[in-house]
Amino acid sequence: MIINIAHLYGNLLNTYGDVGNVMAFSHEARKNNYEVNTDIISIGDEFDPKKYDFVFFGGGQDYEQSIVQKDLIKKRDSLVEYIENYGILLAICGGYQLLGQYYYDAHNEKIEGLKIFDHYTINQENKNRFTGNIKIKSSLDPNEIYTGFENHGGQTFLSENQKPFGEVIEGNGNNGNDLSEGFIYKNTIGTYLHGPLLAKNKNLCESLFDIVNKRRSK
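Every value quoted in this text rests on a predicted model; they were computed, and no experiment measured them. (Residues numbered from 1 in each chain as written. Predicted model: local features only at pLDDT ≥ 70, side-chain atom pairs only at ≥ 80, totals over all residues. Heavy atoms only, no water.)

1. Here we look at the UniProt feature "domain: CobB/CobQ-like glutamine amidotransferase" (unreviewed entry) in the chain
Right, on to step 1. Taking the UniProt record as the reference, the feature "domain: CobB/CobQ-like glutamine amidotransferase" (unreviewed entry) is found at residues 4–201.
Right, on to step 2. Split by type, residues 4–201 is 22% helix and 33% strand. Its first and last C-alpha atoms lie 21 Å apart. (UniProt positions renumbered as here; feature names shortened; annotations may be inferred. Helix = DSSP H or I, 4+ residues; strand = E, 2+ residues; numbered from the N terminus.)

Following this line, the structure appears as structure tokens:
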């Protein structure tokens, strides 16, 4: 049995060591007697929504994200199909922002997102950043607590139709105001939690892998 993982733009968006999420998920798969195949899906590559069990979408510097944004448009329909069919997608920081309506780069230039989801991101005043340790309570199970490290200059706002990934216990989260952190839709998670998230939170990694097993058994 093989677990297929797609690392979106893994050669371009690889800041903060978030590739560790791919490594942690791969470890969990091997622990459960699966072989693991990981593909970097980058500029000009097609994304097959029926192939992958787990998709990771990280963040990078503004320049790399601007390059990725132009290519992402071509993959939008395939990503929507994957998301709507309950594929597991973990998007961190820049990846999270790009799934939404738009965000602003360090020069306050507006960058259009994929517009798959309603959230949008604006810059904080005076180039302030949210940095430091963060702890959240899962919106799906209040007994589940996730920890990480946030480092983002943007303030992200969800629509009324979006559900946060968690409620902030310590730290800032999406915008420092409403205690929301990230968002979750079906099996798609967007979040600002670095760490890497899945390496730091074994409970979440195991929960996501359980979803893979359930999808495989159908």
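After presenting the structure, the write-up continues.
2. Concerning the UniProt feature "active site" (unreviewed entry) in the chain
Right, on to step 1. In the UniProt entry, the feature "active site" (unreviewed entry) is given for Cys93 and His194. A maximum C-alpha distance of 8.1 Å is found for the annotated residues, which run over 102 residues; spatially they form one tight group. Those annotated residues lining the largest pocket are, specifically, Cys93.
Right, on to step 2. Of note, Cys93 is situated in the loop between β4 (88–92) and α3 (94–98).
Right, on to step 3. In this structure Cys93 touches Asn151, His152, Thr191, Tyr192 and His194, once residues within four positions along its chain are discounted.
Right, on to step 4. Relative to the assigned elements, His194 resides in the loop between β14 (188–191) and α4 (197–200).
Right, on to step 5. In this structure His194 comes out as buried when scored by relative accessible area, which is 4%.
Right, on to step 6. Each residue touching His194, except ones within four places of it in the same chain, is listed here: Tyr16, Asp18, Ile92, Cys93, Gly148, Phe149, Glu150 and Asn151. (1 Å grid on protein atoms, 1.4 Å probe; cavity = no way out; pocket = protein on both sides within 12 Å on 5 of 7 lines; lining within 4 Å. Contact = heavy atoms within 4.5 Å. Buried < 20%, exposed > 50% of the residue type's maximum accessible area, 1.4 Å probe, protein only.)

3. Focus: the sheet that holds strand β13 (residues 183–185)
Right, on to step 1. As summarised here, the arrangement of the 6 strands in space is β2-β1-β3-β4-β14-β13, forming an open sheet in which the pairing is mixed. A strand with exactly one partner marks an edge of an open sheet, and here the two such strands are β2 (35–41) and β13. For this sheet, the mean angle separating the axes of adjacent strands, direction not counted, is 15°.
Right, on to step 2. Bridge count between strand β1 (residues 2–8) and β2: 7 bridges; the pairing is parallel. Looking at β2, one finds that Ile3 is bridged to Val36.
Right, on to step 3. The strands touched by helix α1 (residues 20–31) are β1, β2, β3 (54–57) and β4; relative to β1, the strand with the most contacts, the crossing angle is about 175°. (Pairing = 2+ DSSP bridges. Axes fitted to C-alpha atoms, helices over the stretch in contact; angles between N-to-C directions.)

4. Here we look at the packing of α1 against helix α5 (residues 202–217)
Two measures define how a pair of helices packs: the angle their axes make with one another and the distance between the axes.
Right, on to step 1. Relative orientation of the contacting elements α1 and α5 amounts to 60°, with a least axis distance of 10 Å. What the angle tells us is that α1 and α5 run oblique. Note that α1 runs across α5; the crossing there is right-handed. The segment α1 lies against α5, with Ala24, Phe25, Glu28, Ala29 and Lys31 engaging Lys202, Cys205, Glu206, Leu208, Phe209 and Val212.
Right, on to step 2. Partitioning the contact of α1 with α5 into residue classes produces 7 nonpolar, no polar and 4 charged. (Parallel < 35°, antiparallel > 145°, perpendicular 65-115°, else oblique. Left-handed = near helix turned anticlockwise from the far one by under 90°. Nonpolar A, V, L, I, M, F, W, Y, C, P; charged D, E, K, R; others polar.)

5. Examining the sheet that holds strand β8 (residues 130–138)
Right, on to step 1. Read across the sheet, 4 strands follow the order β9-β8-β11-β12 without closing on themselves; strand pairing throughout is antiparallel. In this open sheet, the two strands that pair with only one neighbour each are β9 (145–152) and β12 (180–181).
Right, on to step 2. Both strand β11 (residues 166–170) and β12 contribute to a ladder of 2 bridges, which runs antiparallel. Bridge pairing in β12 links Glu167 to Ser180.

6. Section: the environment of Leu114
Right, on to step 1. Relative to the helices and strands, Leu114 is located in the loop between β6 (110–112) and β7 (120–123).
Right, on to step 2. Sequence-wise, Leu114 and Gly100 are 14 residues apart; in three dimensions their C-alpha atoms are separated by 6.0 Å.
Right, on to step 3. If sequence neighbours within four positions are ignored, Leu114 has contacts with Leu72, Ile73, Arg76, Leu79, Leu98, Leu99 and Gly100.

7. Overview of helix α2 (residues 62–84)
Right, on to step 1. Over its 23 residues, α2 runs only 28 Å from end to end, short of the ideal 33 Å by more than 12%, given 1.5 Å per residue.
Right, on to step 2. Maximal helix bending in α2 amounts to about 55°, located at Lys75.
Right, on to step 3. Restricting attention to buried positions, one finds in α2 the residues Gln65, Ser66, Val68, Gln69, Asp71, Leu72, Lys75, Leu79, Tyr82 and Ile83.
Right, on to step 4. Tyr86 sits one or two residues past α2 and shows a positive phi near 65°. (Expected span 1.5 Å × (residues − 1). Bend = angle between axes of the 7 residues up to and from the residue.)

8. Section: the packing of aromatic side chains
Right, on to step 1. Considering all chains together, one arrives at 14 aromatic pairs under this definition.
Right, on to step 2. Ring geometry for Phe25 and Phe54: centres 4.1 Å apart, planes at 10°, overall stacked. Of the two residues, Phe25 is situated in helix α1 and Phe54 in strand β3; the sequence distance between them amounts to 29 residues. You'll find Phe25 and Phe54 in the same group, each marked buried.
Right, on to step 3. Ring geometry for Phe25 against Phe209: centres 5.8 Å apart, planes inclined by 55°, an arrangement best described as tilted. In this pair, Phe25 sits in helix α1 while Phe209 sits in helix α5, placing the two residues 184 residues apart along the sequence.
Right, on to step 4. One aromatic cluster is present, built from ring pairs that chain together Tyr96, Phe117, Phe183, Tyr185 and Tyr192.
Right, on to step 5. Over the aromatic face of Tyr102 sits the side chain of Lys110, whose NZ or CZ is 4.3 Å from the ring centroid. (Phe/Tyr/Trp six-rings, centres within 6.5 Å; stacked < 30°, edge-to-face > 60°. Lys NZ or Arg CZ within 6 Å of the ring centre and 35° of its normal.)

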